[in-house]
Amino acid sequence: MMGIAYLAAERVFQLDTPNTTYLIGIVGTEGFLGHLYYGKKLNSVQGAESLFRLEEPPYTPDTNARERLDFLDTFPTEYSGHGVGDFRESSIRVKDKNGHSAVQLFYVSHEIYRGKRALEGLPATFGSEDQVTTLVITCEDPVLKLRARLSYSVFQDTDCIARSVSFENAGDDALYLEKAMSMCLDMDNRDFQVCSLHGSWGRERHIEWNRLGRGSFRVASLRGESSQQEHPFLALASPDITQEQGEVYGFHFVYSGNFLAQAQVSQFDSVRVVMGINPEDFCWKLEAGEGFQAPEAILIYSCRGLDFMTQNLHDLYRSHLIRSPYLHRKRPVLINNWEGTYFDFDEKKLLEIAKESAALGIEMLVMDDGWFGNRFDDARALGDWRVNEEKLKGGLKALVDQVNGLGMKFGMWFEPEMISGDSDLYRAHPDWAFALPDREPCRHRNQYVLDISRREVRDCILERMFAVLHSANVEYVKWDMNRSLSDVAGIGLPKDRQGEIYHRYVLGMYEMQERLIAEFPDLLLENCSAGGARFDPGMLYYSPQIWCTDDTDAIERLAIQEGTAMLYPLSAMGAHVSVCPNHATGRVTPFATRGNVALAGTFGYELDMTKLKPEDKELVRGQVALYHRFNDLIREGVYHRLASLRENHDYDCFQICSRDGGEALVFYIEGMKRPNQRSRFQRLRGLEGEALYRICVADPKEAGLLQDTGNIMSGDVLMNAGIKLERLWGDFGSRILYLKRE
Ligand code: GLA
């Protein structure tokens, strides 16, 4: 059976994905909604109710009202209440007209339907009636008259479950939602390890593992964006976890603002995971009859190691989240002028770069920051979205036409959510920037944040952007966001709605992106935030790719790409080749390695092509050819992490396999050279055991791009003994191997 069923006699909901089962039960005459089981698929669920431990103290309040508090504090709940006996992390907190904040939700009714409804104003996974089944359980707090609808969607083609919660104030008095998590999951602790992603500018999404001890492990953002520092993701894994084996529960939040993800271990060694909008600085007023939709959280369970979690998330995002027409298309190989020129360019310089690049097969020129207002440096002009004709003589259309004349597409950079103090926009509307009364707002990179929770601000910025984009044939936009939010105050909102601004800001940003892609349906949109400060599933709903990091150092970014690719398909990961010494680290790496690392993402260049050495230009030609030859496989294939330089300090290795096991690419990048070492054998995955594979080196210098090693090996040997990886000469050498079934 696939999908969702309600077993009326047992009062149990059974949710099945291809390989997992999730069970929810209703308990007692009051209708406590409890969590029974989440894990490997159960073909029969008989006896599962005993997992509630109702035959042991403290028993249910029906039979033992004396210990009601103990029941609530130990019961594995689907959505924890607050203030009435459960002392573990609450999922919800609601202030009522008396200033009290207790909430306890009880089961009222449910609905099971095929398909999945959209979440108004929010990014969310989707699927047809054949692909998805949804369960909505309506619960109510009878005192507050607050209804909560817990929604669960299961997909027939991935093991992910999408959860969200919506609220409705069915009473007569206003309520204040002070906390509204998107999910809660209680289960027994199995000596879990907890995995999270951490970083900073230029060091985003590094994988970190910790033992889950008593107390709480939490990751969170209060920056108004999902952030570089922490990522809206947590995983709990069994102690024996590897890429290939062990159990893992992954939780990923489809949201781009302040978040909280927490795993808490209780006195009885149960674990509660909650994930949702960060309750700090959040308070949403619900007038009588009003509703609130909390964003979506993705759950994934794998009993086949981390690889399987990764592959399921990749499949979910590729099939049920990214909407762009570019999703299954090769993206044009681009050249971005940022690291090549920074602010120092004019139309002549851009055209020189374009000409040089077109001759090497590059397909799109992206004009980065510095083309508008008096933007000669980063201290001014954000908000003045009109072309600086001192720099671009003849205007935008003339430039774009010439670029198009070279056979290249044209793209450009915007930072729509920001405003410089030195800008015409700020002089006209100083109150559009976030600022708290009587406090000087903080600048970062000399800029302030626009209050895009306000409709008139969004309209003005979009009108300016649309005017620019309609004036020429612009086929790509890089939407940047270069600072975190601070000094957040909402003009025009009453004081009891100030706690809504962070979320309203995110809703405003989503609305702007929606309007942009609706106005330009063929636009290739790439999101960006000071590198990768807003690389999250929410943004993928609007753009098929996101700039991964400003760190273009091929070696340093291996850890970033590893962490990113653990959750996101490679087709979403913006990756460019830049010059050395690298601008973020000063490191020198081989040009070939820079190409090999960028080929594992969306692929492009970020340098001044007119200054590149002739031998590197030759490599560009070959790398572009490799991109065309292999991008279908890289974009659509199955990803396996084989080895991590971050862990072993020696080499990095990953594999992308076609779904039928007929071909595979093995990316292999070495760290610092050590003398006197033997070759190593690396076990592969995902091949057909009895098939034979011809092993080639994918080499940009070869005419046919493939250098046949003459080796033909069986899938069994490759998967169990390994493929031979030669030690390469010098630091940071790399190879891409191509395996083709004979
Ligand atoms: C951010 C982006 C860069 C570049 C600059 C321009 O840092 O991540 O790629 O666009 O802004 O100011």
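Caption draft 1: A look at the overall build of the protein. In terms of regular secondary structure, the protein is built from 14 helices and 38 strands. Computed over the C-alpha atoms, the radius of gyration of the protein is 27 Å, within 12% of the 27 Å expected from 2.2 N^0.38 for a compact globule of 742 residues. When each of the 742 residues of the protein is scored for burial, the buried share is 63%. Partitioning the contacts of the protein with sequence separation of at least 6, the portion at a separation of at least 24 is 69%. Where the 83 positive side-chain charges of the protein centre and where its 108 negative ones centre are 2 Å apart.

Caption draft 2: Just the sheet that holds strand β36 (residues 706-714), in detail. Pairing is antiparallel in the open sheet, where six strands are placed in the order β31-β32-β33-β38-β35-β36. Strands at the two margins of the open sheet, each flanked by one partner only, are β31 (638-643) and β36. On average, each strand axis in the sheet is inclined to that of its neighbour by 20°, with strand direction left out of account. Note: strand β33 (residues 663-670) against strand β38 (residues 734-741), seven bridges, orientation antiparallel. Across the sheet, the residue bridging to Tyr668 is Arg735, located in β38. The strands touched by helix α11 (residues 591-599) are β33 and β38; relative to β38, the strand with the most contacts, the crossing angle is about 50°.

Caption draft 3: Summary view of the site of the ligand. Near the ligand there are 13 residues, and of these Asp368, Asp369, Lys478, Gly531 and Asp550 occur at the shortest range. At 2.6 Å from an oxygen atom of the ligand is found a side-chain nitrogen or oxygen belonging to Asp369. Separating an oxygen atom of the ligand from a side-chain N or O atom of Trp413 is a distance of 3.1 Å. If the ligand stood free it would expose 300 Å²; the protein chains cover 96% of that surface.

Caption draft 4: Expanded view of the sheet that holds strand β1 (residues 3-7). Here four strands make up an open sheet; going across it, the order is β1-β2-β3-β4 and the pairing antiparallel. Single-partner strands in this sheet number two, and they are β1 and β4 (32-40). Each strand of the sheet is rotated relative to its neighbour by a mean of 15°, with strand direction disregarded. As judged from the five bridges shared by strand β2 (residues 12-16) and strand β3 (residues 20-27), these two strands associate in the antiparallel manner.

Caption draft 5: Main features of the domain arrangement of the protein. For the protein, the assigned domains are domain 1 (3-320) and domain 2 (641-741). One C-alpha centre belongs to domain 1, the other to domain 2, and the line joining them spans 40 Å. For the domain 1 and domain 2 pair, buried surface summed over both sides reaches about 520 Å², with 34% attributable to carbon and sulfur atoms. One can count three salt bridges joining domain 1 with domain 2.

Caption draft 6: Local environment of the packing of helix α4 (residues 347-358) against helix α5 (residues 395-405). The interhelical angle for the contact between α4 and α5, taken along N-to-C directions, is 15°, at an axis separation of 10 Å. Put simply, α4 runs roughly parallel to α5. The handedness of the crossing between α4 and α5 comes out as right-handed. Seen from α4, the contacting residues are Glu347, Leu350, Leu351 and Ala354; seen from α5, they are Leu399, Gln402 and Val403. Taken together, the residues that form the contact of α4 with α5 break down as five nonpolar, one polar and one charged.

Caption draft 7: Summary view of the packing of helix α7 (residues 455-470) against helix α8 (residues 501-519). Where α7 meets α8, the axes come as close as 11 Å, and the angle between the chain directions of the two elements is 30°. Relative to α8, the element α7 lies roughly parallel. Of the two possible hands of crossing, α7 and α8 adopt the one that is right-handed. The segment α7 lies against α8, with Arg455, Arg458, Asp459, Ile461, Leu462, Met465, Phe466, Leu469 and His470 engaging Gly508, Glu511, Met512, Arg515, Leu516 and Glu519. Here the contact of α7 with α8 is built from residues that sort into seven nonpolar, two polar and six charged.

Caption draft 8: Broad picture of the nonpolar core. Grouped together as the largest cluster of nonpolar side chains are 203 residues, with contacts concentrated most on Phe167, Trp371 and Tyr605. Counting residues per element, this core draws most heavily on α8, at nine residues. Of the domains in this structure, domain 1 (3-320) and domain 2 (641-741) are the two that each give at least three residues to this core. Setting aside residues up to four positions removed in sequence, Trp371 forms contacts with Phe345, Trp385, Arg386, Val387, Asn388, Leu392, Met412, Trp413, Phe414 and Val468.

Caption draft 9: Spotlight on the environment of Trp547. Within the secondary structure, Trp547 is located in strand β28 (residues 545-547). Taking the relative accessible area as the measure of exposure, Trp547 reaches 1% and is therefore buried. Residues Trp547 and Ala575 lie 28 residues apart in sequence; the distance between their C-alpha atoms is 7.0 Å. Of note is the side chain of Trp547, whose polar atom sits 3.2 Å from the backbone oxygen of Thr549.

Caption draft 10: How the structure looks around the pattern of salt bridges. The final tally for this structure, using the stated rule, is 69 salt bridges. One salt bridge in this structure joins Arg497 and Glu290, with 3.6 Å as the shortest N-O distance. Of the two residues, Arg497 sits in the loop between β26 (476-479) and α8 while Glu290 sits in the loop between β18 (284-286) and β19 (291-293), which places them 207 residues apart along the sequence. Residue classification places Arg497 among the buried positions, given a relative accessible area of 12%. Here Lys349 and Glu352 are joined by a salt bridge, their closest N and O atoms 3.8 Å apart. Residue Lys349 and its partner Glu352 are located together in helix α4, separated by three residues, close to a single helical turn. A single network of salt bridges, built from pairs that share partners, joins Asp377, Arg380, Arg386, Asp422, Asp424 and Arg427.

Caption draft 11: Structural context of the pairing of strand β16 (residues 259-265). Most of β16 sits inside the fold, with seven of its seven residues counted as buried. Burial along β16 is two-sided: Phe259, Ala261, Ala263 and Val265 facing one way and Leu260, Gln262 and Gln264 facing the other are all buried. Examined bridge by bridge, β16 and strand β17 (residues 270-277) share seven bridges and lie antiparallel to one another. Bridging from a neighbouring strand, Ala263 pairs with Val273 of β17. Remark: four residues form the turn of the hairpin made by β16 and β17, two consecutive strands paired antiparallel; Asp269 in that turn has positive phi of roughly 70°.

Caption draft 12: Geometry of the side chain of Asp315. Relative to the helices and strands, Asp315 is located in helix α2 (residues 305-320). Reaching out from Asp315, the side chain makes a polar contact with the side chain of Arg318 at a distance of 3.3 Å. With residues near it in sequence (within four places) discarded, Asp315 still touches Thr158, His320 and Arg659.

Caption draft 13: Examining the pairing of strand β23 (residues 409-414) more closely. Counting buried positions along β23 gives five out of six residues, so the element sits mostly inside the fold. Across four bridges, strand β22 (residues 364-367) lies against β23 in parallel orientation. Residue Val366 lies in a different strand from β23, and its bridge partner there is Gly411. Two strands pair when backbone bridges link them, and β23 and β26 are joined in this way by four bridges, in the parallel orientation. Of the residues in β26, the one forming a bridge with Gly411 is Tyr476.

Scoring rules and cut-offs
Residues numbered from 1 in each chain as written. Predicted model: local features only at pLDDT ≥ 70, side-chain atom pairs only at ≥ 80, totals over all residues. Heavy atoms only, no water. Helix = DSSP H or I, 4+ residues; strand = E, 2+ residues; numbered from the N terminus. Rg over C-alpha atoms; globule rule 2.2 N^0.38 Å. Buried < 20%, exposed > 50% of the residue type's maximum accessible area, 1.4 Å probe, protein only. Contact = heavy atoms within 4.5 Å. Lys, Arg positive; Asp, Glu negative; His and termini not counted. Charge placed at Lys NZ, Arg CZ, Asp CG, Glu CD. Pairing = 2+ DSSP bridges. Axes fitted to C-alpha atoms, helices over the stretch in contact; angles between N-to-C directions. Near = heavy atom within 4 Å. Polar contact = N/O pair within 3.5 Å; in protein donor to acceptor, adjacent residues only side chain to side chain. Areas by Shrake-Rupley, 256 points an atom, 1.4 Å probe, with all protein chains shown as cover. Domains from an automatic or database assignment. Buried area = accessible area lost by both parts, 1.4 Å probe. Salt bridge = Lys/Arg side-chain N within 4 Å of Asp/Glu carboxyl O. Parallel < 35°, antiparallel > 145°, perpendicular 65-115°, else oblique. Left-handed = near helix turned anticlockwise from the far one by under 90°. Nonpolar A, V, L, I, M, F, W, Y, C, P; charged D, E, K, R; others polar. Core = buried A, V, L, I, M, F, W, Y, C linked by side-chain atoms within 4.5 Å.

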